[in-house]
Amino acid sequence: MTETETDIDIETLRDRALRSLTTARARTALLTDCVEGPDLTAQHSPLMSPLVWDLAHIGNQEELWLLRNVGGREPMRPEIDSLYDAFEHPRSERPSLPLLAPDEARQYAAEVRGRALDLLEGTAFTGSRLTEAGFAFGMIAQHEQQHDETMLITHQLRKGPQALTAPDPDPVPPFTGPAEVLVPGGPFTMGTSTEPWALDNERPAHRREVASFWIDTTPVTNARYLAFIEDGGYEQERWWTPAGWAHIREHAIHAPLFWQRDNGQWLRRRFGVTEVVPPEEPVLHVSWYEADAYARWAGRRLPTEAEWEKAARHDPVENRSRRYPWGDADPGPAHANLGQRHLRPAPAGSYPEGESALGVRQLIGDVWEWTSSDLLPYPGFSAFPYKEYSEVFFGPEYKVLRGGSFAVDPVACRGTFRNWDYPIRRQIFSGFRTARTAETD
């Protein structure tokens, strides 16, 4: 599928929807079947829901949008709708709700899925914005994968022995390419109006102008971040915004989340295993405040969201925006570290086949990358299919992250995809790269 195809074969879209839904459900099962009942019902962090809440919420949203809205079916379990409304009950309250037990939640989600697949076979992908190009099915597949990422975060936060395993990324030689890449100034097309399953905040495509700038070729590594720590970065107020400085002092933060220093060596906890911090990997579990402070210490800054997208999508030869850094083809294993294929970022400089037209690497996968930008609507934004997906989050409270992480499935990651969170958040799979404005004559 390419960015310019608006008349994609219906059966191709139907098959894509089926594969996306099936892949998501297999991952949900992996994340919930690997632990026993108490670990499913416990709240492992006040920042996260119990795993069993996510499991039933996935089914409830699928019932709401596919069975009720697309299929016109009567509600299966209307009495549980409020329990699984993410806006009605904050995460801190969810353990005290009368939630479905694990086996009942699995049964409910499975019954919804069976009916949804029957609906998929007979739905005409035309006639309404919700069904056009199979949007509703793609939206639900993306929603489930987003909750799978959330559940993977919960696994990282939970105490106890390792429950998940995956092979490590292939080793690569140390990256010896240029440290930064020049992105020429000028206009480019940001966002999309033609990607069939793009969400409302990615739309519409519009002209954006940026001045020339330099951007890191790879994300900032643990080794580079350690230099900031060892230079007293967490002890010097001058590198931090006032809010950032107040936050790290109040919470006694001195390193990325899950790091600890033992006998002169930095260790980290990763999915139940304690290991030496690998110097060649992109730094992980840092807040926006930490990323911004590092950039200041390095004499640089975080890229704006527009700069990030131009570095990722702009093709100066063809003078167009690609779907992905490498082109229009869907992501494959040679392009990026996605889909929980590994449980860690790949070393900096990996995936040369996934670099952008300008030569920037690892813009998709590995770690979400903080930008300097607040989450704001694009010109011409229209909320769809509901305001709570994006519109209620617009404003200065949230910072934009781009690019996805190793925990993101390809269906929920593309060159236009936008993520956001509070600048204090560190439990997410977040890292960053830095930029600087190009000097002009």
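No experiment lies behind these values; they were computed from the predicted model shown.

A separate point is empty space enclosed by the protein. Counted according to the given criterion, the structure contains three cavities of 30 Å³ or more. Reported here for the largest cavity is a volume of approximately 110 Å³. Considering the residues around the largest cavity, the lining is formed by 14 residues, among which Met 139, His 143, Leu 199, Tyr 386 and Tyr 389 are closest to the centre. Those elements that provide at least two residues to the lining of the largest cavity are α3 (51–70) and α5 (135–157). With six residues, the single largest contributor to the lining of the largest cavity is α5. The residue inventory of the lining of the largest cavity, partitioned by class, reads nine nonpolar, four polar and one charged. Here the second largest cavity defines a volume of roughly 90 Å³. Lining the second largest cavity, in full, are Gln 156, Asn 222, Leu 257, Phe 258, Trp 259, Arg 268, Arg 269, Arg 270, Phe 271, Leu 284, His 285 and Phe 429. Top element by residues in the lining of the second largest cavity is strand β6 (residues 265–270). It accounts for three residues. Residues belonging to the lining of the second largest cavity are distributed by class as follows: six nonpolar, three polar and three charged.

This paragraph deals with the layout of surface pockets. A volume near 1400 Å³ is recorded for the largest pocket. Looking at the lining of the largest pocket, its residues break down into 22 nonpolar, 10 polar and 11 charged.

Here is what the cut-offs are and how they apply
Residues numbered from 1 in each chain as written. Predicted model: local features only at pLDDT ≥ 70, side-chain atom pairs only at ≥ 80, totals over all residues. Heavy atoms only, no water. 1 Å grid on protein atoms, 1.4 Å probe; cavity = no way out; pocket = protein on both sides within 12 Å on 5 of 7 lines; lining within 4 Å. Points joined across faces, edges and corners; volume = space filled by probe spheres on them. Helix = DSSP H or I, 4+ residues; strand = E, 2+ residues; numbered from the N terminus. Nonpolar A, V, L, I, M, F, W, Y, C, P; charged D, E, K, R; others polar.

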